Amino acid sequence: MTTTENHTSNARLEAFNEKLAGKNWSGQWEAEKYLMASIGGPQPAGVPHRWGWAETKEALDEATDVLGTVDTARRHLTCVNPGLKDRGAITTHNLAAGFQLVKSGEICWSHRHSPGALRFVTQGHPEAYTAVDGEKLVMEDFDLLLTPRFSWHDHHNPSDKDVYWLDALDVGLLQKLGALFYEPYGEDSQKLRPSTSEWVGTRSHWLRPTWEEERTTRLPLRYAWSDVRERLALYGNEVGSPYDGLALRYANPVTGGPTMDTIDCWVQRLVPGFSGKTHRRTSSAVVYVIAGNGTLETDNGTITFQAGDVISLPNWTNFRWTNASASDEVLLFSVHDIPAYQRLGLLYEEPEAIIGATPAPANPTPPLKPLYAQGAFYGKDER
Ligand code: 1HN
């Protein structure tokens, strides 16, 4: 008989535990069951789940009828994890994500908050924009815009089309940390700098003002999809990680560090026929399917996904990506709370560490022949 079994069958101990509880105490022996349950790692919070675009759009359109204009709030629908309903509107234990609709002609008034937020535009327009700390960030299809914690942000849609995007925030994490702050600006629109990306453009360049304190984080950044596509093309047919496919991180261009303090964003390409290896991490993620069809096999069953879907991926849950198509790639945009775990020294992966774990390729050996020796240059014969 183990010590624990001995304790639980002990009527005198039970009465004593109750007496302690009445006086706001708890014996550590009572915590043992939680520690025992954590042998081999944490219990995942919530479940993997899929939200389809058609249903989401229908609900957003209904919200338009019910709410009319949204001059005091956001017309945003958070994807609530079915396994976390008692913890508020969150998609994983740390992240909240969902779609927002801003109709033609609307302005969503300016506010700021301690949760860091991002927008991944799914139906944008070159005239639509989010203002972030004085910067005008244009919202075209599949652009990523950051509204880092405590930055003022208001959304504007002067175009004649409705715009939709995916919002993601670290609101669950901040709830647990007891660090939620919120402040309305007091007017619909904040003041904009005269030219687009004027401040970020100069401060994120390598030539910077000598008289200013350096600001490396909390930058209102826009990552244009046209640039992402170009970078993806540079990798040719590269398959990438055997687990996550060709997974590229949206780095902070000033520090090279995470996208935001607690959040990393990735674009992932699963090549046709990709059949990923199973793994899990202490971090959680929310995934948006940009293009393609495939499956996500998890400890809780298999999710079949298609373009427009949002998927929650809880912490410490085994998962495996596949793209069964022989011809079409799968493109994913994913939001991870990885930096929060990295900063606390708590990012673990099974069966092996893969994020940042592979040494950069050494200088090619044997050394590459000079290009002219390969006949690549005009005039090679003279050298
Ligand atoms: C928020 O401020 C926005 O500013 C969107 O667009 C979604 C979800 C939870 C809490 C705050 C926005 C949000 C949010």
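Predicted, not measured: the structure shown is a model, and the values here were computed from it.

## Topic: the sheet that holds strand 6 (residues 125–132)
Working step 1: Spatially, five strands are ordered 7-6-9-4-11 in an open sheet, and the strand pairing comes out antiparallel. Strands with a single pairing partner mark the edges of an open sheet, and in this sheet they are strand 7 (135–139) and strand 11 (182–184). Across the sheet, the mean angle separating the axes of adjacent strands is 25° when strand polarity is ignored.
Working step 2: Note that strand 6 and strand 7 share five bridges and pair antiparallel. Looking at the pairing, V132 lines up with E135 of strand 7.

## Notes on helix 4 (residues 53–67)
Working step 1: With 15 residues, helix 4 should cover 21 Å at 1.5 Å per step; its first-to-last C-alpha distance of 20 Å lies within 8% of that length.
Working step 2: Restricting attention to buried positions, one finds in helix 4 the residues W53, T56, L60, A63 and T64. All buried residues of helix 4 fall inside an arc of 105° around its axis, so they share one side. Opposite the packed face of helix 4, turned more than 90 degrees from it, sit the exposed residues A54, E55, E58, E62, D65 and V66.
Working step 3: Contacts made by the buried residues of helix 4 are with strand 1 (49–51), strand 2 (76–78), strand 3 (96–102), strand 5 (117–123) and strand 10 (163–169).
Working step 4: Once helix 4 ends, the next one or two residues include G68, with phi positive near 65°.

## Points about the pairing of strand 3
Working step 1: With respect to burial, strand 3 is a largely interior element, seven of its seven residues being buried.
Working step 2: For strand 2 and strand 3, the ladder comprises three bridges, and the chain directions are antiparallel. The residue bridging T78 from the neighbouring strand is G98, located in strand 3.
Working step 3: Sheet topology note: the strand 3/strand 10 ladder contains seven bridges and is antiparallel. Bridged to A97 within strand 10 is A168.

## Digging into the sheet that holds strand 19 (residues 310–313)
Working step 1: The antiparallel open sheet is built from six strands, whose spatial order is 1-19-16-21-14-13. Strands with a single pairing partner mark the edges of an open sheet, and in this sheet they are strand 1 and strand 13 (246–249). Within this sheet the neighbouring strands show an average axis-to-axis angle of 25°, counted without direction.
Working step 2: One ladder, built from seven bridges, connects strand 14 (residues 264–270) with strand 21 (residues 330–336); its direction is antiparallel.

## What to know about empty space enclosed by the protein
Working step 1: The full count for this structure, using the stated rule, is two cavities of 30 Å³ or more.
Working step 2: Taken as a whole, the largest cavity holds about 60 Å³ of empty space.
Working step 3: Around the largest cavity sit R281, S283, S284, A285, L313, P314, W316, T317, F319 and H336, which together line it.
Working step 4: Estimated volume of the second largest cavity: approximately 40 Å³.
Working step 5: Contributing to the lining of the second largest cavity are D244, W266, Q268, R281, A285, V287, L313, F319, W321, S334 and H336.
Working step 6: Looking at the lining of the second largest cavity, its residues break down into six nonpolar, three polar and two charged.

Reading the values: the criteria
Residues numbered from 1 in each chain as written. Predicted model: local features only at pLDDT ≥ 70, side-chain atom pairs only at ≥ 80, totals over all residues. Heavy atoms only, no water. Pairing = 2+ DSSP bridges. Helix = DSSP H or I, 4+ residues; strand = E, 2+ residues; numbered from the N terminus. Axes fitted to C-alpha atoms, helices over the stretch in contact; angles between N-to-C directions. Expected span 1.5 Å × (residues − 1). Buried < 20%, exposed > 50% of the residue type's maximum accessible area, 1.4 Å probe, protein only. Arc of directions from axis to C-beta. Contact = heavy atoms within 4.5 Å. 1 Å grid on protein atoms, 1.4 Å probe; cavity = no way out; pocket = protein on both sides within 12 Å on 5 of 7 lines; lining within 4 Å. Points joined across faces, edges and corners; volume = space filled by probe spheres on them. Nonpolar A, V, L, I, M, F, W, Y, C, P; charged D, E, K, R; others polar.

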